[in-house]
Every structure is written in structure tokens, then in C-alpha cells.
Amino acid sequence: MLEVIEKMPVKDTTINSAMAYENYGDYYALFVGKYMGHSIYRSLLQFDLPVISSQGIIEKVELLLYITRNDKAAFQKDFEIYRITEKFDENRINYANKPAFDKELYKTFTIKDEINTYIKIDITKLFSDWYCGKYPNHGLIIKAVDEDRRGLVGFYSKDTQKGLFAPKLQIYFDCHLDKDPISTMQIAEKNKRTAEEYYKLGNHSFENGDYAAACENYKKALADHHPNAAYTPKLYFRTVLALEKMGRYDEALEIITQGLKLYPDFTDLVFIQGSLLCKQGKTTLAIKLLHQCMKMGEAPLHMNCMAGVESYRALHLLSQIYYELDDYEEAYHYCLKALHTNPRYMEPLYTMVKILSGKQRDIGDIKAKIESFLGTNLDGRDYMILGDVFFTEEKYTVAYAYFLKAEVFIKNHEKILYGKGMCQLCLKQYNEAYKYFEEIRDGEIYEEAVYRRALCKILSGQMDQAVQALGVLRNPENNHKRMVYYVLKDLLDEKTVMPIADDKKESEEFLEIVFTLLDILIQAASPEVFEKSLQLLNLIEHDEVLLRLAKLYYKHGFYNMAYQEFLRSIKIFDKIDLEGLAMMKRALEKIK
């Protein structure tokens, strides 16, 4: 009679090379393989051996792992299992103190496109060596065969909710049969992708904020696309957006030129062209193109990617250009035209607050003027908009009051809680800010709220509590961001820190994270703390750090400091772009 004995792991955890001192013992998932270009994951499991009293043989032993994540599913990923040779504590183990394992390979297995299913791995030989006492049972380790090749796979751990889909050991025990069947796994060949498939892959990467991967896939699609395909105009548009996100404006303009040769009525591309030229300081040409958009009208339906580029968006961008030229009257005129064209388009309000503040108008008058564009009976949504408008213009007390008014109409809204938290953070009321961020328990901004909680603790000097907050987010996508926050904590705690990245390619992955954090710190931290936090830039190797710092200072109105950093960027790295040159010129004008 065949009996199946099932065992749950007594220990399971993951170790991560990018976060070498972090423990995953209570995490809901196990990871194996390489994530992006930096993190190597391995998983460790240990099962208690069963007591089998009756006579018979163990026919087969299978390890069952439930696949909950499978990056690069189109490609085969090979993994191997080794016997761990020393004890480990799942609540203390990390990559730095990982246990030794035997060099004898016990099993290899392959995962291709499986997802949301169990995979079975025959580990009969390993189990037999444990059970017969040949080796002590300290568990097993799973690692990728090629740890330099990207392709992360995730499994549920025993700590998943209610133990659902946790790892299992299934022991097939039979009193009569003595077969030990060998399982085989078939390896599928890699299929060549079509241009449309590359386009869809690019869209997926774009939505996840991986603009480099998006651009790579879009360019593969462009190399083999058909001009008459329905998706092709959007392919050109999305490629341009990805390049713009990465600051590669010249490449984006080249793609626009190619696209307009195929689709001369593509108003959306002309609008982006004007926007890019504006960023490069070519305002005269940008203004001409925006007026051209309004003459062209809406693009044909299959080319329509962004609403309003032929009307209110073009008018709003004109208002921003004239604001940068210090022509406040013309800027205000175009803001009014944009609002008149589309009263539900709120972006002009941000520029109007800048204009009115620049004219030294009383804050009460500014509030009354901006409120008038939203009507007479304001509701929760209106107050949320006003809160965001005044927060963006660094009027934190005013913004906070608007978020409080919004809360009268809309209770426990995550964006209101987040807005109030950010206002208190920038007012340097860190304990109050923490309380608001702590109330956000789920939703699309939950992760950002956790990072803000950690930042509140870092800025108030409660470093142990900052570590606890960061420990909540241990999925691979958060590795780089958590690492930057850990380093900031150590810098402010006067501890010795190691470089975050040693070369430009690796530093590229940290650059945006560092400057997003600095953008918050320049508002939320004291000048002394912000000065210390700038040491983050010394821990990455990238020739754009001073250029980005100059642009950050310019954004927040520190024109003298911006100008000095632009000069340093040119002298030290020989690095400047057209947008930087335009800012440098305007900064010098404002200083004088």
C-alpha cells in the first residue's frame, strides 16, 4: 500500500547578495536567481525527518515549491540543489554569514514559464542520505546554475498567509514496491519575438518604471516594425517618452523626426518635440511648434496618444515657457486660456500660484484667486487639488489646512493622509508626519508611505525604528531603494559607509533613487542634515551627479548654488546639456 507522508519546513529563508546583512526569516516568499544586474538570491530550507515505523521502502521524495513569481518567463532557468553542512538560524542568517554547503550536486531542475503552480523536484537521494545517517540533516540550499544570468523566481515560504501554498516535502512510502523512478524535465526552446511582442514588453517595463528596459524593447520593435500596423504610431510615441524619462533628449528628437516622416499628421509627436526643445532652452522654436499643434488639430484616432495636445496642453506649456522667460503677464494669459479651454485641467493652477507669488501677492489673495477657478461650493476633491497645488509651491502650512478641509468630506483617504504627512515632514514635524504615514496600511502609495515613515525616524534620530520600518519592504524591487535609505541612516549616524556602486552602469540604477530622496530632503531636512546627505553622491560613480545637483538647486530656487554646481559639473566632468545651459543662463540672470 502506498502512503504519502507530507512535511512542512521547520526553517526556510532567503539570502540576498545586495543586502548582505538583511534577514528574510519571516518573509512570505523565497527567491532564487539574479534580479536585475546586482542581486543574487539563494533559498535555504530544512525539514524534520519523519519517523517511519512500518517496514517498506521509500519509493520517492519530492520537494514541492509554489511559483508565485517568474521573471523572464520566456527563457529557461536552471537551478541546483546542494546539501547544507552546518546549522543555520533562519531568523539570523543572511548572505554575509551564510552556512557552508557540500560541493556535491544533488539535483538540477528547470523552470521556464510556470506561474501560480507547484513544481515538483525529486530529492530522493538527498533524503536517503539524511535518513540513513550518512550525513546530518542541516537542510538544503537552492541556487541558480548561472548566477550571472538574470532571471528571478519566487516561491511562497512557510510564512505565507495561513501557510497556503507553503513548501512541502512529499514522501512516497511503499511496503511492497522497490522502484525509484527518475523524474525528467523537458526543456523548451526559446522562441523569437515579433515586433508587437517587443512593443508589449516595452509597455510592461515602462509601466514598472524601468525605462532603460522599455527603450531597449521599443528599439527592437522599431527595427522590425510595419508602418501600417495599428500599434506603430504609439510605438514611436512611447519610445520618445522612455528616452525623455532618461534625459536622452537628442535621441528622442531623432525618433520624432523619423516618426513624423511616416506620420506627418501626428500632432502628439509635434507636441513632445516642442516640449523637448523647451527643455533644451530652444524656446523660440518650441513656441512655434506649440502654435503649430493648435493649427494641426487633433491627430487621427489611431495616432491619438495624449488628450489636449492641440489645445489646453499646448496652451499650458506656452504659459510655462513665458513664465521661465519672466513674462508673467503672457504666462498668466495662457494659463487662463488653458483653463477656459478645459476647466477640469488643473495644471495651470500650479503655474498661476508661482506667478502670483512672484508678484508678492498676499497669500490670502492668492488662495481666493485660485479657489475661484474651482467654483463656489468646494468639495473634498477640490480641497485635495488645492492642497497639492500649494504643497508643490512649498506653501506647506496652507497646503496642510486644505488637506484638513478635504478630510471633512472624505474620511481616511490614503492620498489625504499622505498629503498631510508630507506637509508635516516638510515643516520638520517628524513625529506628527509619522503618525499620518502609519495610518496608510495598503493601497498604491503604501510603499512610499513606509519609506516616509523610515525617513521620519531617520531625521528624528531614531535609527533602530527606521530599520524596523525598512524591514517591511523586502521584495527584490525595493533592494536599491532600501540600500540608499540604510546608507543615509548610517551617514547621519556618523557611521562608516561603503560605496553604493563602483561604476557608472551600476550607479545608473541608483541615480534616480538618490535624487528623489535628495529632492525630499532639501525640503524636509535642516541645512546641516541636507549637507551631510549630499555624501550619498560620493558613494556612486556617475558623471551626471553635479549636473543633477545643479538642476535640483535650480528647481528649489537656490540659483547661486545651482550656478556654482553647473560650473563644477563642466570643470570636473565636462558635463552639461542644453537644458542645463538654459537653466545656467537663467540662474545667472536671477543672481544679477
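From a predicted model like this one, the values you see are computed outputs, not experimental measurements.

1. Some words on the overall build of the protein chain
- For the protein chain, the count of helices and strands is 23 helices and eleven strands.
- In terms of principal-axis extent, the alpha carbons of the protein chain reach across some 95 × 60 × 55 Å.
- Put simply, the protein chain has 592 residues, and 53% of those count as buried.
- Across the protein chain, every contact between residues at least 6 apart in sequence was considered, and the portion connecting residues at least 24 apart equals 70%.
- One finds the centroid of the 78 positive side-chain charges in the protein chain at a distance of 2 Å from the centroid of its 87 negative side-chain charges.

2. What about the nonpolar core?
- Phe390 and Leu425 are the most contacted members of the largest nonpolar core, which has 159 residues in total.
- For this core, the leading source of residues is helix H19 (residues 504–524), giving eleven residues.
- If near-sequence neighbours (up to four positions away) are discounted, Leu425 is found in contact with Tyr430, Ala433, Arg452, Leu455, Cys456, Leu459, Ile520 and Ala524.
- With 29 residues, the next largest nonpolar core counts Ile121, Phe127, Val153 and Phe173 among its residues.

3. A few points about the environment of Ala401
- Checked against the element boundaries, Ala401 lands in helix H13 (residues 396–409).
- The exposure class assigned to Ala401 is partly exposed, which follows from its relative accessible area of 34%.
- Sequence separation between Ala401 and Tyr383 is 18 residues; the distance between their C-alpha atoms is 9.1 Å.

4. So, the packing of aromatic side chains
- Inspection of every chain in the model, using the stated rule, returns 31 aromatic pairs.
- Through a chain of ring-to-ring contacts, the aromatic side chains of Tyr24, Tyr27, Tyr28, Phe31, Tyr41, Tyr66, Tyr118, Tyr156 and Phe165 assemble into a single cluster.
- Lying over the aromatic face of Phe101, Lys103 brings its terminal NZ or CZ to 5.3 Å of the ring centre.
- Over the ring of Tyr434 we find Lys457; its NZ or CZ atom is 4.2 Å from the centre of that ring.

5. Observations regarding the confidence of the model for the protein chain
- This prediction gives the protein chain a mean pLDDT of 91; 96% of its residues lie at or above 70.
- With pLDDT under 50 throughout, residues 177–191 is counted as low confidence; its partners more than four residues away or in other chains account for 21 contacts.

6. Quick notes on the layout of surface pockets
- Of the pockets and cavities examined, the second largest pocket occupies roughly 560 Å³.
- Forming the boundary of the second largest pocket are 19 residues, of which Ala18, Met19, Ala20, Tyr21 and Met483 lie nearest the centre.
- Element by element, the count of residues in the lining of the second largest pocket is highest for helix H18 (residues 479–492), at four residues.
- Here the residues of the lining of the second largest pocket sort into twelve nonpolar, four polar and three charged.

7. Some details on the packing of helix H14 (residues 414–426) against H19
- In contact at an axis separation of 8 Å, H14 and H19 are set at 60 degrees when each is read in the N-to-C sense. When the axes of H14 and H19 are compared, the pair comes out oblique. Of H19, the residues touching H14 (which contributes Met422, Leu425 and Cys426) are Ile520, Gln523 and Ala524.
- Residues that form the contact of H14 with H19 fall into these classes: five nonpolar, one polar and no charged.

8. With respect to H18
- The end-to-end C-alpha distance of H18, which contains 14 residues, comes to 20 Å, matching closely the 20 Å that a straight helix rising 1.5 Å per residue would cover.
- Among the residues trailing H18, Glu494 stands out with phi positive, at a value near 60 degrees.

9. Looking at the pairing of strand S3 (residues 29–35)
- Summarising burial for S3: seven of the seven residues are buried, a large majority.
- Here S3 runs beside strand S10 (residues 153–156); their pairing, made up of four bridges, is antiparallel. Bridge pairing in S10 places Phe31 opposite Gly154.
- Direction of pairing for S3 relative to strand S4 (residues 39–46): antiparallel, over a ladder of three bridges. Along S4, the bridge assignment pairs Tyr35 with Ser39.
- Here S3 folds back onto S4, and the loop between the two strands holds three residues, one of which, Met36, carries a positive phi near 50 degrees.

10. Let's talk about the environment of Gly139
- With respect to the element layout, Gly139 can be found in the loop between helix H1 (124–131) and strand S9 (140–144).
- A residue is classified by how much of its surface remains accessible, and Gly139, at 0% relative accessible area, is buried.
- Taking the C-alpha atoms as reference points, Gly139 and Asn377, separated by 238 residues in sequence, lie 66 Å from one another.
- The contact partners of Gly139, leaving out residues within four places of it in the chain, are Leu45, Gln46, Tyr82, Arg83, Ile84 and Trp130.

11. With respect to the pattern of salt bridges
- As enumerated under the stated definition, the model contains 37 salt bridges in all.
- A salt bridge links Glu147 to Arg42; its shortest N-O distance comes to 2.9 Å. Of this pair, Glu147 sits in the loop between S9 and S10 while Arg42 sits in strand S4, placing them 105 residues apart in sequence. An identical accessibility class is assigned to Glu147 and Arg42; each is buried.
- As a salt-bridge pair, Glu407 and Lys420 come within 2.6 Å of each other at their nearest N and O atoms. Taken together, the positions of Glu407 in helix H13 and Lys420 in helix H14 put the pair 13 residues apart, joining distant regions of the chain.

12. Let's talk about the state of the cysteines
- If you walk through the whole model with that rule in mind, you get zero disulfides.
- Cysteine Cys293 shares no disulfide, and the gap to the nearest cysteine sulfur, in Cys278, comes to 13 Å.

13. A short note on the side chain of Glu310
- With respect to the helices and strands, Glu310 occurs in the loop between helix H7 (283–296) and helix H8 (312–324).
- Summary of buried charges: Glu310 has no salt-bridge partner, and the nearest side chain of opposite charge, Arg313, is 7.7 Å away.
- Setting aside its immediate chain neighbours within four residues, Glu310 contacts Thr267, Cys293, Met294, Gly297 and Glu298.

14. A closer look at unusual backbone geometry
- Of note in this structure, Asn412 is not a glycine but carries a positive phi near 55 degrees.
- Structurally, the position occupied by Asn412 is in the loop between H13 and H14.
- Since its relative accessible area comes to 60%, Asn412 is described here as exposed.

15. Focus: the environment of Lys354
- Topologically, Lys354 is positioned in helix H10 (residues 347–358).
- If near-sequence neighbours (up to four positions away) are discounted, Lys354 is found in contact with Tyr323 and Glu393.

What counts, and at which threshold
Residues numbered from 1 in each chain as written. Predicted model: local features only at pLDDT ≥ 70, side-chain atom pairs only at ≥ 80, totals over all residues. Heavy atoms only, no water. Helix = DSSP H or I, 4+ residues; strand = E, 2+ residues; numbered from the N terminus. Buried < 20%, exposed > 50% of the residue type's maximum accessible area, 1.4 Å probe, protein only. Contact = heavy atoms within 4.5 Å. Lys, Arg positive; Asp, Glu negative; His and termini not counted. Charge placed at Lys NZ, Arg CZ, Asp CG, Glu CD. Core = buried A, V, L, I, M, F, W, Y, C linked by side-chain atoms within 4.5 Å. Phe/Tyr/Trp six-rings, centres within 6.5 Å; stacked < 30°, edge-to-face > 60°. Lys NZ or Arg CZ within 6 Å of the ring centre and 35° of its normal. pLDDT = per-residue confidence, 0-100. 1 Å grid on protein atoms, 1.4 Å probe; cavity = no way out; pocket = protein on both sides within 12 Å on 5 of 7 lines; lining within 4 Å. Points joined across faces, edges and corners; volume = space filled by probe spheres on them. Nonpolar A, V, L, I, M, F, W, Y, C, P; charged D, E, K, R; others polar. Axes fitted to C-alpha atoms, helices over the stretch in contact; angles between N-to-C directions. Parallel < 35°, antiparallel > 145°, perpendicular 65-115°, else oblique. Expected span 1.5 Å × (residues − 1). Pairing = 2+ DSSP bridges. Salt bridge = Lys/Arg side-chain N within 4 Å of Asp/Glu carboxyl O. Disulfide = S-S within 2.5 Å.

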